[in-house]
Amino acid sequence: MPVLKPLSGNPEAPKQYNQPSRKGKKAWRKNVDVTEVEQGLDELNAQIIKGGVIAEKASEELFAIDVKPDTELTKKRSKQLKKPLKADEILAQRSAVPAVSLKKRPAPETSGKVTDGVLPSKRLRATYVTQKELSRLKRVADGHHTTTVEVVDATFDAWADPEEEQKKKQAEETFNFLPKVEKPKAPKTLTQQPISLAATGKQLPAVPKPKGDKSYNPAFTDYSERYQEELRKAEEAERKRLEELEKERLKAEAAAKSRAEAEAAEKRAELSEWEDDSAWEGAESDAEGLANKKKRPERKTQAQRNKIKRRKAEEQRLKHEAAIKKREAEAARVKQIAKELAEKERQLALQKAEATNNAEDDDASIEEDDDVELRRRQLGKFKLPEKDLELVLPDELQDSLRLLKPEGNLLKDRYRNLLLRGKVEARRHIPFKKQAKTKVTEKWTFKDFNLA
């Protein structure tokens, strides 16, 4: 049976070569085949981009003499040389079954005795010490005992009343069907590290070191700096309070104004309802007349279509030229961009160095005082309580400890420090327990009466 093979060549029907017309300069330029020239120019441009035309370069630029040996080839060659002969491999093979021992077996006790071929078991010598026992003895000599005595608390109370113990046992046996009381388990968060409320996230000391301005007899410079700082804080708080009041007032005025405008618009709408009805009737008649007068769009001529095509082609050309100019400008700015990047990297390095220095300064300030910047998102629903102002006026400064009045509260400071370090959550003081709401109603039984 003959083998069927697919047809070779072009399966389509033969046809005459369709040569486009080349009559005239315009047709010749349009229909001439310039693919080879374009390919050659593209290759030339690619060579110029990569470093220059290959045909114009010297042999020293194109080729290099390699005088170093190939490490991979030497490795392969060494492996081939190390391969043993086949005869040596066959002779080196060994069976997994051990060879027959050539030692003579000891003769039985009675040469005339017939045995079953099983050798008698050997008895260990009494003075022989095994390797395991020897290693254990060495560990004991070094002080590493394998077993240790565990100390267990005594469960028996010598001074207990036997009758009470008996009653307890009877009660346990009587109520053995009740579930056993489980001890409360510690929460998982007890083993986790607390979250500090500082903006840096670092843990604050439990007892911060006070500054010199908190002394009962501070230096003039320290006291004046603290006084000016607290004054600035008070002015800032008052300014914010006044701004909030002004915002609320403007909001109330805007709401009142919008309410008045809405009421005026409703009144105007009520007055002009009858005018809208008459105007709607006139608008319908005008709309009918305009619909009849509407002009249908005419068909474009060939000249108009050609004009639109030329305009679109010109727009495309201008767009392409603008893109080329932009690309060339970016290529020319490569050096400038590289300089800008280097400058940015230098600025970032300086900022990092400044940040590290500031962090060190913050750590030092934290160790001295607990007045630190707080994080934006705090723990719990309630905010951290404000710190008490521990500052006296200049005329209230005393020069004697007997006349000194204590400022602040150690209990409040300790509680606020626990909140700052994230040990406890901020809570609000509840003066009384919230009671359930009751509603008093009167039954309508006075309405249930009969007219008789």
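Residues numbered from 1 in each chain as written. Predicted model: local features only at pLDDT ≥ 70, side-chain atom pairs only at ≥ 80, totals over all residues. Heavy atoms only, no water.

### Some thoughts on the overall build of the protein
Argument step 1. Helices and strands together make up the secondary structure of the protein, namely 12 helices and 0 strands.
Argument step 2. Among the 452 residues that make up the protein, the fraction classed as buried is 6%.
Argument step 3. For the protein, long-range pairs separated by at least 24 residues make up 68% of all intrachain contacts whose partners lie at least 6 apart in sequence.
Argument step 4. Split by element, the accessible area of the protein, about 45,900 Å² in all, is 56% carbon and sulfur. (Helix = DSSP H or I, 4+ residues; strand = E, 2+ residues; numbered from the N terminus. Buried < 20%, exposed > 50% of the residue type's maximum accessible area, 1.4 Å probe, protein only. Contact = heavy atoms within 4.5 Å. Areas by Shrake-Rupley, 256 points an atom, 1.4 Å probe, with all protein chains shown as cover.)

### Some thoughts on the packing of aromatic side chains
Argument step 1. Summed over the entire model, instances satisfying the criterion amount to 1 aromatic pair.
Argument step 2. On the basis of an interplanar angle of 25° and a centroid distance of 6.1 Å, the ring pair of tyrosine 223 and tyrosine 227 is categorised as stacked. Of this pair, tyrosine 223 and tyrosine 227 both sit in helix 8 (residues 220-271), separated by 4 residues, roughly a single helical turn.
Argument step 3. Residue classification places tyrosine 223 among the buried residues on the basis of a relative accessible area of 8%. (Phe/Tyr/Trp six-rings, centres within 6.5 Å; stacked < 30°, edge-to-face > 60°.)

### Some words on helix 12 (residues 410-420)
Argument step 1. Turning to helix 12, its buried residues number three or more, namely Arg416, Asn417, Leu419 and Leu420. For helix 12, the angular spread of the buried residues around the axis is 155°, confining them to a single face. Away from its buried face, by an angle of more than 90 degrees, helix 12 presents the exposed residues Leu410 and Leu411.
Argument step 2. Positive phi shows up at glycine 422, right after helix 12, with a value of about 80°. (Arc of directions from axis to C-beta.)

### Here we look at a positive patch on the surface
Argument step 1. The grouping of Arg299, Lys300, Arg305 and Lys309 at the surface amounts to a positive patch.
Argument step 2. Relative to the elements of secondary structure, lysine 300 occurs in the loop between helix 9 (273-293) and helix 10 (302-332). (Patch = residues over 30% accessible without salt bridge, like charges linked within 9 Å, V, L, I, M, F, W, Y side chains within 5 Å. Salt bridge = Lys/Arg side-chain N within 4 Å of Asp/Glu carboxyl O. Lys, Arg positive; Asp, Glu negative; His and termini not counted. Charge placed at Lys NZ, Arg CZ, Asp CG, Glu CD.)

### Some details on a negative patch on the surface
Argument step 1. There is a patch of like negative charges on the surface, built from Asp33, Glu36, Glu38, Asp42 and Glu43.
Argument step 2. Considering the arrangement of structural elements, one finds aspartate 33 in the loop between helix 1 (25-31) and helix 2 (35-50).
Argument step 3. Classification of aspartate 33 by relative accessible area gives exposed; the value is 58%.

### Examining the confidence of the model for the protein
Argument step 1. Averaged over every residue, the pLDDT of the protein is 79; residues scoring 70 or more account for 79%.
Argument step 2. In the model of the protein, helix 9 stands out as the element of lowest mean pLDDT, 57, in contrast to helix 2, which has the highest, 91. (pLDDT = per-residue confidence, 0-100.)

### Considering the pattern of salt bridges
Argument step 1. Tallying each qualifying case throughout the model produces 16 salt bridges.
Argument step 2. Close ionic contact of aspartate 213 with arginine 226 constitutes a salt bridge, the shortest N to O distance being 3.9 Å. Placement of the pair is aspartate 213 in the loop between helix 7 (162-174) and helix 8 and arginine 226 in helix 8, with a sequence separation of 13 residues.
Argument step 3. By relative accessible area, arginine 226 is classed as buried at 11%.
Argument step 4. When the shortest N-O distance is used, the salt bridge between arginine 239 and glutamate 236 registers 2.2 Å. Within this pair, arginine 239 and its partner glutamate 236 are both found in helix 8, separated by 3 residues, close to a single helical turn.
Argument step 5. Using a relative accessible area of 39% as the deciding quantity, one classes arginine 239 as partly exposed.
Argument step 6. Linked through salt bridges whose partners overlap, the residues forming this network are Asp213, Arg226 and Glu230.

### Section: helix 8
Argument step 1. Relative to the 76 Å expected for 52 residues at 1.5 Å per residue, helix 8 spans 77 Å between its end C-alpha atoms, a close match to the ideal helical length.
Argument step 2. Within the span of helix 8, buried status applies to Tyr223, Arg226 and Glu230. (Expected span 1.5 Å × (residues − 1).)

### Looking at the side chain of glutamate 230
Argument step 1. Looking at the secondary structure, you find glutamate 230 in helix 8.
Argument step 2. Leaving out residues up to four positions away in the same chain, glutamate 230 has contacts with Leu389 and Leu391.

### Digging into the side chain of serine 196
Argument step 1. With respect to the helices and strands, the residue serine 196 is situated in the loop between helix 7 and helix 8.
Argument step 2. A distance of 3.3 Å separates a polar atom in the side chain of serine 196 from the backbone nitrogen of alanine 198.
Argument step 3. Here lysine 202 takes part through its backbone oxygen, which lies 2.9 Å from a polar atom of the side chain of serine 196.
Argument step 4. When sequence neighbours within four positions are dropped, the list of residues in contact with serine 196 reads Gly201, Lys202, Gln203, Leu204, Arg375, Leu420 and Arg421. (Polar contact = N/O pair within 3.5 Å; in protein donor to acceptor, adjacent residues only side chain to side chain.)

### Let's talk about a nonpolar patch on the surface
Argument step 1. A cluster of nonpolar side chains, contributed by Val34, Val37, Leu41, Leu44 and Ile48, occupies part of the molecular surface with about 410 Å² of accessible area.
Argument step 2. Within the secondary structure, valine 34 is located in the loop between helix 1 and helix 2.
Argument step 3. Given the relative accessible area of 35%, valine 34 is considered partly exposed.

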